[in-house]
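So the chains spell out like this:
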Amino acid sequence: MLGTEFRTGSPIWIDLGSPDPDAAAAFYGAVFGWRFTSAGPEGGGYGFFQKDGGTVAGLGPLTEEGARSAWMTYFSTEDTAATARDVASGGGIVRADPVNMGEASMAQFTDPQGAQFAVLHSRQGLEKASEDDTLVWVELHVGDPAAAIAFYRSLFGWRAEEMRAPGMTYQVLSIGEGDRQEGAFGGVAPLQAGQEDARWVPYFAVADVDALVAAVEGNGGTVLMPAATVPDVGRIAWLTDPAGAVFAVLRPDPRQAA
């Protein structure tokens, strides 16, 4: 599962762009117990979600004209500018050019099928992952999974392994180095009936999926996919916050941690 020792291609950061950061902070605080801490007066309204003293995500106002509220997944890179060039040559779009932030740098992209993602070169990233109320998995939904895997492999060297799932063939992603299972962090699935937009969806681990779903509904969110148990995976649900940002929750099958 996803960890906090970041190597090329591993998820290193996640943040939420919201039209109302104060409302978003209140919602996720009620649902996950996260505490929001501002980055300060020079942060442009940006700040950090924390759980038990460790940073689990970022939150900031929407900055692109016409942008919709959404979660953004950042993948670790050793060279932000080189990755931007590879994205463009591979048919993707550079939405935000590489920008330096002290010793770190970042850039934001859209892949050839329309899914948005970002990269970050930094020694620091998420401080907690793969425990309750933190990021545990990221999942790409696209019309052509094989083409998507080829595109991202050209950027990060990812490996993909086929896994049978109810009603589809699922591809489990792992970083390009080390043990495949230890380096697994996400998956790729074909768009399902009713899905129109390609997107990366973050999964947050929770102790009780059904209770979390009830908390989302009680705080103004919506249920896209009711809680269901997937064999050999765990219990999952797809949700949105009150502004429409999509996310999922997962209580992993205990055998997956063995």
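Above: the structure in question.
These figures come from a predicted structure and were not determined experimentally. (Residues numbered from 1 in each chain as written. Predicted model: local features only at pLDDT ≥ 70, side-chain atom pairs only at ≥ 80, totals over all residues. Heavy atoms only, no water.)

### Some details on the overall build of the protein
Okay, so step 1: Across its full length, the protein carries four helices and 16 strands.
Okay, so step 2: Radius of gyration (C-alpha) of the protein: 17 Å, near the 18 Å computed for a compact globule of 258 residues.
Okay, so step 3: Referenced to the eigenvectors of the C-alpha coordinate spread, the extents of the protein come out at roughly 50 × 45 × 35 Å.
Okay, so step 4: The buried share of the protein, taken over its 258 residues, is 47%.
Okay, so step 5: Across the protein, contacts joining residues at least 24 apart in sequence account for 58% of those joining residues at least 6 apart.
Okay, so step 6: On the protein, roughly 12,000 Å² of surface is accessible, and the fraction owed to carbon and sulfur atoms is 48%.
Okay, so step 7: Averaged over its 16 positive side-chain charges, the protein has a centre that lies 5 Å from the centre of its 33 negative ones. (Helix = DSSP H or I, 4+ residues; strand = E, 2+ residues; numbered from the N terminus. Rg over C-alpha atoms; globule rule 2.2 N^0.38 Å. Buried < 20%, exposed > 50% of the residue type's maximum accessible area, 1.4 Å probe, protein only. Contact = heavy atoms within 4.5 Å. Areas by Shrake-Rupley, 256 points an atom, 1.4 Å probe, with all protein chains shown as cover. Lys, Arg positive; Asp, Glu negative; His and termini not counted. Charge placed at Lys NZ, Arg CZ, Asp CG, Glu CD.)

### Side note on the packing of aromatic side chains
Okay, so step 1: A full pass over the atoms with the stated rule returns 31 aromatic pairs.
Okay, so step 2: Ring centres of Phe32 and Trp34 lie 4.7 Å apart, and the angle between their planes is 25°; this geometry places the pair in the stacked category. In this structure, Phe32 and Trp34 share a single accessibility class: buried.
Okay, so step 3: Residues Phe109 and Phe117 carry aromatic rings whose centres are separated by 5.4 Å and whose planes lie at 50° to one another, so their mutual orientation is tilted.
Okay, so step 4: An aromatic cluster is present here, built from Phe27, Tyr28, Phe32, Trp34, Phe36, Phe49, Trp71, Phe204 and Phe247 joined pairwise through their rings. (Phe/Tyr/Trp six-rings, centres within 6.5 Å; stacked < 30°, edge-to-face > 60°.)

### Thoughts on the environment of Gly220
Okay, so step 1: Assignment of secondary structure puts Gly220 in the loop between α4 (209–218) and β14 (222–230).
Okay, so step 2: In this structure the C-alpha to C-alpha distance between Gly220 and Asp20, which are 200 residues apart in sequence, comes to 14 Å.

### Section: the nonpolar core
Okay, so step 1: One finds Tyr28, Phe32, Trp71, Phe117, Tyr152, Trp200 and Phe247 to be the most contacted residues of the largest nonpolar core, which totals 60 residues.
Okay, so step 2: Grouped together as the second largest cluster of nonpolar side chains are 16 residues, Trp137, Ala184, Ile236 and Leu250 included. (Core = buried A, V, L, I, M, F, W, Y, C linked by side-chain atoms within 4.5 Å.)

### Here we look at the environment of Lys128
Okay, so step 1: Among the structural elements, Lys128 can be located in the loop between β8 (116–121) and β9 (135–142).
Okay, so step 2: Overall, the relative accessible area of 19% leaves Lys128 in the buried class.
Okay, so step 3: In this structure, the C-alpha to C-alpha distance between Lys128 and Ile175, residues 47 residues apart in sequence, is 19 Å.

### Quick notes on the side chain of Thr110
Okay, so step 1: For Thr110, the location among the structural elements is in strand β7 (residues 104–110).
Okay, so step 2: Given a relative accessible area of 10%, Thr110 falls into the buried group.
Okay, so step 3: Within the local environment of Thr110, its side chain forms a polar contact with the side chain of Arg95, the two groups lying 3.4 Å apart.
Okay, so step 4: When neighbours within four sequence positions are excluded, Thr110 is seen to be in contact with Gly92, Ile93, Arg95, Ala115, Gln116 and Phe117. (Polar contact = N/O pair within 3.5 Å; in protein donor to acceptor, adjacent residues only side chain to side chain.)

### A look at helix α1 (residues 21–32)
Okay, so step 1: Compared with the 16 Å implied by 1.5 Å per residue over twelve residues, the 16 Å span of α1 between its first and last C-alpha is a close match.
Okay, so step 2: Where α1 is concerned, the buried positions are Pro21, Ala24, Ala25, Phe27, Tyr28, Val31 and Phe32. Angular distribution of buried residues about the axis of α1 spans 165°; they occupy a single face of the element. Turned more than 90 degrees away from the buried face of α1 sit Asp22 and Ala26, all of them exposed.
Okay, so step 3: Following α1 by one or two positions, Gly33 has its phi on the positive side, about 80°. (Expected span 1.5 Å × (residues − 1). Arc of directions from axis to C-beta.)

### So, the pairing of strand β1 (residues 11–18)
Along any regular strand, the residues point their side chains to alternate faces of the sheet.
Okay, so step 1: Burial runs high along β1: eight of the eight residues are buried.
Okay, so step 2: Sheet analysis places β1 next to strand β5 (residues 70–76), joined by six bridges and oriented antiparallel. Following the sheet pairing, Pro11 is matched in β5 by Phe75.
Okay, so step 3: Relative to strand β4 (residues 54–61), β1 is paired through four bridges, and the arrangement is parallel. Bridge assignment links Asp15 to a residue of β4, and that residue is Gly58. (Pairing = 2+ DSSP bridges.)

In short, the description is geometric, and any link to function would need to be established separately.
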